[in-house]
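One letter stands for each residue in the lines below.
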Amino acid sequence: MRLLPFMLLIGALLADGAFAQDIGNNKEKVSFRAVDIFVKSKGQPLAAYQVQVAFLGLKTKISGIEGGSHPAFKKPPLYDPKAMQTEQVIIAAYNTAPAEDLPKGKVRVATIHLQITGSKAPEFSFKLITAGTVEGRKIPAKVAVEWRKKSREDRQ
Amino acid sequence: MDKRNQSQPEQEPKAPAKLVTDLKDLHKEHIFVPPKVDQSILNAAREQLEETSREPAEQETAGQPWIPQWAPWAAAACLMLLLFLTLPGEKHTSPSALAKASVSAKEVALKQKPSSLATMISRKDINKDGQVDILDAFTLASRIKAGAAIEENWDINGDGQVNQADVEEISAFAVKLGPEDNS
Amino acid sequence: MSSYFEDMRSDKELVSAINGGDPDAFEVLYLRHRDWTVNLAFRFTSDRELALDVLQETFLYLLKKFPGFTLRAKFTTFLYPVIRNLALNARKKNQRYELVDDKLEELTEPVEPDVEENLEDQLRMVMGNLPVQQQEVLLLRFVDDHSLNEIAEILEIPPGTVKSRLHNALRALAENPRTKTYFEKE
């Protein structure tokens, strides 16, 4: 009977996963990867885009967002600062430059840097909310998200 | 000839132009610094530097009778409150006074943000497609850049002007994650 | 944040203002040199997250010097060895932990190969294998466009040593089969 409170306490701790968490955290590795966000505008100049990306599971956190490869979208896109250290973000950017200075076809518009805990790759979902051309007109476009190929420096 | 003079004409080692170009290309990628990092450094700086600048003021008051710094402000606030409670309110009865009052109320109303969410969102829907997204920010930015006609209700931030600040308000709204924060 | 690019004060003037307890002056100084600092840190760490850590440590280190800090040389000349030392330490510490898990590669979707191994990639590989001292002088000279005397001041070594390291670095590139084509006459 006297042991009952101790047993209840241990049971509560186990249920809480405190011990499991301690063991888990000691063994879980942290890695850093990046995903490239591409918008394919099918031959029309891309003047604006808005994409939502979500990484499923709590073990992936967004640690940084940078701009893309084309000069029109070189600057980091707009996003809610609260997205940092969460699993989802809406990114968007626009450029009022003339059509000849805007990208066409498949273009990397942004890169999202991730902090991943554990060895399982996160699943992610993404959605193109909108894309537009020079007159502000919506254009049919697609979004693609790809893991960035690790360079030698990333492996060091 | 002195051996040292013989070696002096040796020029600084040169690199081929293509090598220099490729070296620059290799290092042109810039590391993005998240705003969180900036904030943490600048907050630490603010804390430390404000503490530093406060210390001399504290030293100066040593030896004087202790008077809290907020005392004058508290006294002023009490006086204002006393005046407010004791002075009779003015009554606007003349038509011109009424007109003035209504004009000033209208100015205040224009500056205030509408209280209903639907009205707030519809003002940001610049291209009237039923949703507020980056295309609305882009449309407004393009119109401002081109000097095209601007609608008064596009003054999203209520500062009396329609400019880039309003574009930024729309952009920030478009990328906001949760619907709960609509400020 | 304040528009730091509009602030015309020199670094020395900003340091003086910070000594007087002005946090806005610190913000201007920070924003003016932030990108250079983090990119330099990345040269040594080859890791973005470590470079960001070094950025923070560098400016917190600088902050501790106020009040009473005197800037005797160019700000970047003062900061360079600080960043280098913090970055090399961070890289050394980091190598104790396994950060990359190869299993992550297997579970992800295959990535389309985007580039062939070109001359630039080969240059990156060879640069990565050069001694740090040689990499440094090459980058300070040809990427940052510093003169030999400026490099000597930054690294706190004699100009003759800078010249000699530069010479050795270029010779290493010229002799390496991957990068010798840069030195072949067309």
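Predicted model only: the values in this text are computed from it and were never measured. (Residues numbered from 1 in each chain as written. Chains lettered and ligands numbered in written order. Predicted model: local features only at pLDDT ≥ 70, side-chain atom pairs only at ≥ 80, totals over all residues.)

K.L.:
Requested: an account of the overall build of chain A, with residues and values cited.
P.N.:
If you tally the helices and strands in chain A, you get 3 helices and 7 strands. Overall, chain A shows an N-to-C arrangement of helices and strands of α-α-β-β-β-β-β-β-β-α. Classification of the 156 residues of chain A by burial places 33% in the buried group. (Helix = DSSP H or I, 4+ residues; strand = E, 2+ residues; numbered from the N terminus. Buried ≥ 20, exposed ≤ 12 C-beta atoms within 10 Å, placed from the backbone.)

K.L.:
Could you give an account of the overall build of chain C, with specific residues and numbers?
P.N.:
Looking only at helices and strands, one finds 9 helices and 0 strands in chain C. Ordered by position from the N terminus, the helices and strands of chain C form the series α-α-α-α-α-α-α-α-α. Within chain C, buried positions represent 31% of all 186 residues. Pairs at least 24 apart in sequence give 62% of the contacts found in chain C among residues at least 6 apart. (Contact = placed C-beta atoms within 7 Å.)

K.L.:
Now, about the sheet that holds strand E1 (residues 30-40) of chain A: what can you tell me, with residues and values included?
P.N.:
Residues and elements named next belong to chain A. If you walk across this open sheet you meet the 4 strands as E3-E5-E1-E7, and the pairing is antiparallel. Looking at the sheet topology across the chains shown, the edges are occupied by strand E3 (60-67) and strand E7 (142-147). Each strand of the sheet is rotated relative to its neighbour by a mean of 25°, with strand direction disregarded. Of the pairings in the sheet, the one linking E3 to strand E5 (residues 106-117) comprises 7 bridges and is antiparallel in character. Its bridge partner lying in E5, Lys 61 is registered against Gln 115. (Pairing = 2+ DSSP bridges. Axes fitted to C-alpha atoms, helices over the stretch in contact; angles between N-to-C directions.)

K.L.:
With reference to specific residues and values, describe the confidence of the model for chain C.
P.N.:
Residues and elements named next belong to chain C. Residue-level pLDDT values for chain C average 81, and 82% of them are 70 or greater. Ranking the helices and strands of chain C by mean pLDDT puts helix H1 (residues 11-19) first, with 93, and helix H5 (residues 103-107) last, with 35. In the predicted structure, residues 96-116 sits below a pLDDT of 50 and forms 22 contacts with residues beyond four places in sequence or in another chain. For this predicted complex, the interface confidence comes out at an ipTM of 0.78, alongside a pTM of 0.43. (pLDDT = per-residue confidence, 0-100.)

K.L.:
Got a sec to walk through the pairing of E5(A)? Specific residues and values, please.
P.N.:
Sheet topology places E1(A) next to E5(A); 11 bridges connect them, and they run antiparallel. Paired with Arg33(A) across the bridge in E5(A) is Leu114(A).

K.L.:
Give me the lowdown on the sheet that holds strand E6 (residues 124-132) of chain A, citing residues and values where you can.
P.N.:
Ordered by their spatial adjacency, 3 strands build an open sheet running E4-E2-E6 (chain A), and the pairing between neighbours is antiparallel. With one partner strand each, in any of the chains shown, strand E4 (88-94) and E6 of chain A form the two edges of the open sheet. Neighbour to neighbour, the strand axes of the sheet diverge by 10° on average, direction disregarded. Where helix H8 (residues 164-175) of chain B meets the sheet, it contacts strand E2 (48-55) and E4 of chain A, and its direction lies at approximately 150° from that of E4(A).

K.L.:
With reference to specific residues and values, describe the interface of chain B and chain C.
P.N.:
Taken together, the contact between chain B and chain C spans 28 residues of the former and 37 residues of the latter. Those elements giving two or more residues to the side of chain B that touches chain C turn out to be helix H2 (17-26) and helix H3 (35-60) of chain B. For the side of chain B that touches chain C, the element with the highest residue contribution is H3(B), accounting for 12 residues. Residues of the side of chain B that touches chain C, tallied by class, amount to 15 nonpolar, 6 polar and 7 charged. (Nonpolar A, V, L, I, M, F, W, Y, C, P; charged D, E, K, R; others polar.)

K.L.:
An account of unusual backbone geometry is requested, with residue identities and associated values reported.
P.N.:
The step from Phe66(C) to Pro67(C) runs through a cis peptide bond, and the omega angle for that step is -5°. Turning to its location among the elements, Pro67(C) is positioned in the loop between helix H3 (48-63) and helix H4 (75-94). Phi angles above zero are rare outside glycine, and Lys128(B) is one such case at about 55°. Along the polypeptide, Lys128(B) turns up in the loop between helix H6 (117-124) and helix H7 (134-146). Judged by local crowding, Lys128(B) falls into the exposed class, with 9 C-beta atoms found within 10 Å. One non-glycine residue, Glu156(C), lies in positive phi territory at about 60°.

K.L.:
Any chance you could break down the confidence of the model for chain A for me, citing the residues and the numbers?
P.N.:
Residue and element names in this part refer to chain A. With 76% of its residues at a pLDDT of at least 70, chain A reaches an overall mean of 80. Long-range and interchain partners of residues 16-26, a stretch whose pLDDT sits below 50, account for 3 contacts in this model, where long-range means more than four residues apart. Under a pLDDT of 50 for its full length, residues 152-156 has, in the predicted model, 8 contacts with residues more than four places off or in other chains.

K.L.:
I'd love a proper account of the packing of H1(C) against helix H2 (residues 23-45) of chain C, names of residues and values included.
P.N.:
All names here are of chain C. Two elements in contact, H1 and H2, have axes separated by 8 Å at closest approach and are oriented at 145°. Of the two possible hands of crossing, H1 and H2 adopt the one that is left-handed. Of H2, the residues touching H1 (which contributes Asp 11, Leu 14, Ala 17 and Ile 18) are Ala 25, Phe 26, Val 28 and Leu 29. Looking at the contact of H1 with H2, its residues break down into 7 nonpolar, no polar and 1 charged. (Left-handed = near helix turned anticlockwise from the far one by under 90°.)

K.L.:
Would you mind going over the packing of helix H8 (residues 148-155) of chain C against helix H9 (residues 159-175) of chain C in detail, with residue names and values included?
P.N.:
All names here are of chain C. As a packed pair, H8 and H9 sit with axes 8 Å apart at the nearest point and diverge in direction by 105°. Taken together, the axes of H8 and H9 are roughly perpendicular relative to one another. Across from Leu 148, Asn 149, Ile 151 and Ala 152 in H8, the residues of H9 making contact are Pro 159, Val 162 and Lys 163. Looking at side-chain class alone, the contact of H8 with H9 contains 5 nonpolar, 1 polar and 1 charged residues. (Parallel < 35°, antiparallel > 145°, perpendicular 65-115°, else oblique.)

K.L.:
Tell me what's going on with the environment of Thr77(C), and back it up with residues and numbers.
P.N.:
All names here are of chain C. Note that Thr 77 resides in helix H4. With 17 C-beta atoms counted inside 10 Å, the residue Thr 77 sits in the partly exposed group. Sequence separation between Thr 77 and Glu 156 is 79 residues; the distance between their C-alpha atoms is 9.4 Å. Discounting residues that sit within four places of it in the chain, Thr 77 has contacts with Glu 153 and Ile 154.

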